[in-house]
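# Observations on the three-dimensional arrangement
The primary structure of each chain is shown beneath.
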Protein chains: 2
Amino acid sequence: MNAIGVDIGGTKIAAAVVSPEGKVLNEVRYPTQAIREVKEGFEVDGACLAVPGFVLTTENKVIFAPNLHEIENIHLDEELGRRTGLRVTVENDANAAAWGEFRFGAGQAVDHQVFITLGTGIGGGVITHGVLLRGAQGAGGELGHVTLDPTGPPCSCGNHGCLEALASGTAIGRRAREVANEMPRSALGRLAIEKQVLGEDVTRLAHEGDKAALRVLEETGRWLGIGLAGFVNIFNPEVVAVGGGASRAGAFILEPARKEVDLRARSPSRDLVKIRKATLGPESGVLGAAALARSEDGEYVLGPSKQVA
Amino acid sequence: MNAIGVDIGGTKIAAAVVSPEGKVLNEVRYPTQAIREVKEGFEVDGACLAVPGFVLTTENKVIFAPNLHEIENIHLDEELGRRTGLRVTVENDANAAAWGEFRFGAGQAVDHQVFITLGTGIGGGVITHGVLLRGAQGAGGELGHVTLDPTGPPCSCGNHGCLEALASGTAIGRRAREVANEMPRSALGRLAIEKQVLGEDVTRLAHEGDKAALRVLEETGRWLGIGLAGFVNIFNPEVVAVGGGASRAGAFILEPARKEVDLRARSPSRDLVKIRKATLGPESGVLGAAALARSEDGEYVLGPSKQVA
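Here we come to the overall build of chain A. Counting its secondary structure elements, chain A contains eleven helices and twelve strands. Expected size for 309 residues packed as a compact globule is a radius of gyration near 19 Å; at 20 Å, chain A falls within 12% of this value. Each of the three principal axes of chain A carries a C-alpha extent, and together these read 60 × 45 × 35 Å. Counting over 309 residues, chain A shows a buried share of 57%. Long-range pairs, those at least 24 residues apart, make up 62% of the contacts in chain A with a sequence separation of at least 6.

Right, dumping it as structure tokens:
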């Protein structure tokens, strides 16, 4: 049956009716009443909201959403269920995106997938033995705040040297500004005099062959790889899917990451794992949420040819 | 029904007939023919071998056992099954010990448990949503080789700054010898002139109040905590159980570890988790193996009051 996935961001809501095969049948992108509008004319049996924050999945409640305090501590399932007449569940946005890639994207053919999204911060989601790793309260899969260097740069969480502080889009911008100072004659160095350099500038300059930009992305990729090597050892996954804005740097980041995984992860896990770019882009959230709306527990039959519910 | 758990170490084999409630009915500890002897007089329906090395659980085959090369690449299930008339499975020893603590020890009342064993090396095992995390090949739960400091001390695996290189019994001994040099008048410093200081010496001296020994264990506990904080963020577990020889240092290690987790893990995971000493000691391996012998997939009904199969 069709289901609705809703991806809630700080400034917009995307809602889509999605078929069991992962086809988007109808989609709206605006901040209110999204579910009711998108549903119009479709048979739908449930909806799942992907939310940027900590979700107590056992209670369908957001307990902390840094950019969306107004949805904290409300039983969204009851509230929205009453207004829309649908069974509504709530999930962390990175977990939903991970489930999207697992069902319809980079992890389609496997049972064990680590998903990591490199944006302003770093989000993560893990599927192990075909089951979404939610943990006891739904806060599991928080991959961005493993410590890789206790004396490293400060992190948004208050600590130092988290993966997020070393390999997020924000970290790329920070490191780019440092390298621009060290290499003032590079294209990166010259750009840094004109404007605040962002992650996307670095990717563009790397494509143009600028050595400073290439150095920033290689360093970032190595830190990413040090983190991923740990996840490969921990989960023995078939696929690590890397998504988010900074993944647009592609091989500039993924190649050094793969090298570090080859160096640091252990056999047989390192020999099995494929580290690849996520394939669904910004759609992973709605697609994953819609699939989770169909499955009450995020559990599907195991096996390389997954059954579509 | 009763089952046999077999714990294979480098120098000995322990085999026990274990009841469904976790009671050891009969036990032998010697290197050959353990299963046949321990079975004598008991009704038993299966056996599981806990092996120190990488186990392809899908094939019941040990692919790498650093101290037991003679059991590598043999179908132990067929070999031993034929000789004993039992259904035989094979599991990594730390995973079996984790399952033992989960069924009968420190994680008895929960569905999500991280187990870590601090010995010569560091082993790990994770139960998430009541399922043993084996990963795609059975190599999952390898918690000792996450990188905490890329420029840290060398690790047995060839890398630098792995958790194992910073918080194992071996790491305690190494760090103790360094601190002994810096504090030559401490009890630790004086002992280091007489003999090669080991982890157990440090624990003894810490109990006697020696400042150098206390410093070594506090530093070790902090590194352990930096690693555990990552696992708490990743798994959102109810319990982290710490076992192995070095866990005998108890609060000297666990208190600084807890402090670091409070500092580095995120809410709500850090508020939920209990970091406690494993309770089964060296029996965790046979008990876990026997329980796994009963369950073909390491999966039990979820819920705080686990059903005994």
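There is more to say after this.
Residues and elements named next belong to chain A. Strand order across the open sheet formed by five strands is β10-β9-β8-β11-β12, with mixed pairing between neighbours. Where the open sheet ends on each side, the last strands, each with one partner, are β10 (131-132) and β12 (274-277). By the bridge criterion, five bridges tie strand β8 (residues 113-118) to strand β11 (residues 239-243) in an arrangement that is parallel. By the bridge assignment, Gln-113 is partnered in β11 with Val-239. Across the sheet, helix α8 (residues 211-235) touches β8, β9 (122-128), β11 and β12, and the angle it forms with β11 is around 145°.

Our focus in this paragraph is the sheet that holds strand β8 (residues 113-118) of chain B. Residue and element names in this part refer to chain B. In space, the five strands of this open sheet follow the order β10-β9-β8-β11-β12, with mixed pairing throughout. The open sheet terminates on both sides in strands that have one partner only, identified here as β10 (131-132) and β12 (274-277). In the sheet, strand β11 (residues 239-243) pairs with β12 via four bridges, with the strands oriented parallel. The residue of β12 that forms the bridge with Val-242 is Lys-277. Strands in contact with helix α8 (residues 211-235) are β8, β9 (122-128), β11 and β12; relative to β11, the strand with the most contacts, it is inclined by about 145°.

Before going further, it helps to examine the domain arrangement of chain A. By convention, interface size is frequently given as the accessible area that disappears when the constituent parts associate. Residues and elements named next belong to chain A. Partitioning chain A into structural domains gives domain 1 (3-92) and domain 2 (106-279). Put simply, the middle of domain 1 and the middle of domain 2, counted by C-alpha atoms, are 28 Å apart. In this assembly, six residues from domain 1 lie in contact with four residues from domain 2. The leading source of residues in the side of domain 1 that touches domain 2 is strand β5 (residues 54-56), at three residues. Of the residues belonging to the side of domain 1 that touches domain 2, the class tally is three nonpolar, three polar and no charged.

Once turned by 180° and shifted 0.0 Å along the axis, chain A lies on chain B with an RMSD of 0.0 Å. These values place the two chain copies in the arrangement generated by a two-fold rotation axis. Both copies share a contact surface, since 100% of the interface residues of chain A are interface residues in chain B too.

As a further point, take the nonpolar core. Judged by nonpolar contacts, the single largest core of 204 residues is most densely connected at Ile4(A) and Ile4(B). Dropping the residues within four chain positions of it, Ile4(A) is found in contact with Ala15(A), Ala16(A), Val17(A), Ile35(A), Val38(A), Lys39(A), Val44(A), Ala47(A), Ala290(A) and Ala293(A).

What follows covers α8(A). Residue and element names in this part refer to chain A. Under the 1.5 Å per step criterion, the end-to-end length of α8 is 35 Å for 25 residues, consistent within 8% with the ideal 36 Å. The buried fraction of α8 amounts to 19 of the 25 residues, a majority that puts the element mostly inside the structure. Following α8 by one or two positions, Asn-236 adopts a phi angle in the positive range, close to 45°.

Rules and cut-offs
- Residues numbered from 1 in each chain as written.
- Chains lettered and ligands numbered in written order.
- Predicted model: local features only at pLDDT ≥ 70, side-chain atom pairs only at ≥ 80, totals over all residues.
- Helix = DSSP H or I, 4+ residues; strand = E, 2+ residues; numbered from the N terminus.
- Rg over C-alpha atoms; globule rule 2.2 N^0.38 Å.
- Buried ≥ 20, exposed ≤ 12 C-beta atoms within 10 Å, placed from the backbone.
- Contact = placed C-beta atoms within 7 Å.
- Pairing = 2+ DSSP bridges.
- Axes fitted to C-alpha atoms, helices over the stretch in contact; angles between N-to-C directions.
- Domains from an automatic or database assignment.
- Nonpolar A, V, L, I, M, F, W, Y, C, P; charged D, E, K, R; others polar.
- Least-squares fit on C-alpha atoms with pLDDT ≥ 70 in both.
- Core = buried A, V, L, I, M, F, W, Y, C linked by C-beta atoms within 7 Å.
- Expected span 1.5 Å × (residues − 1).

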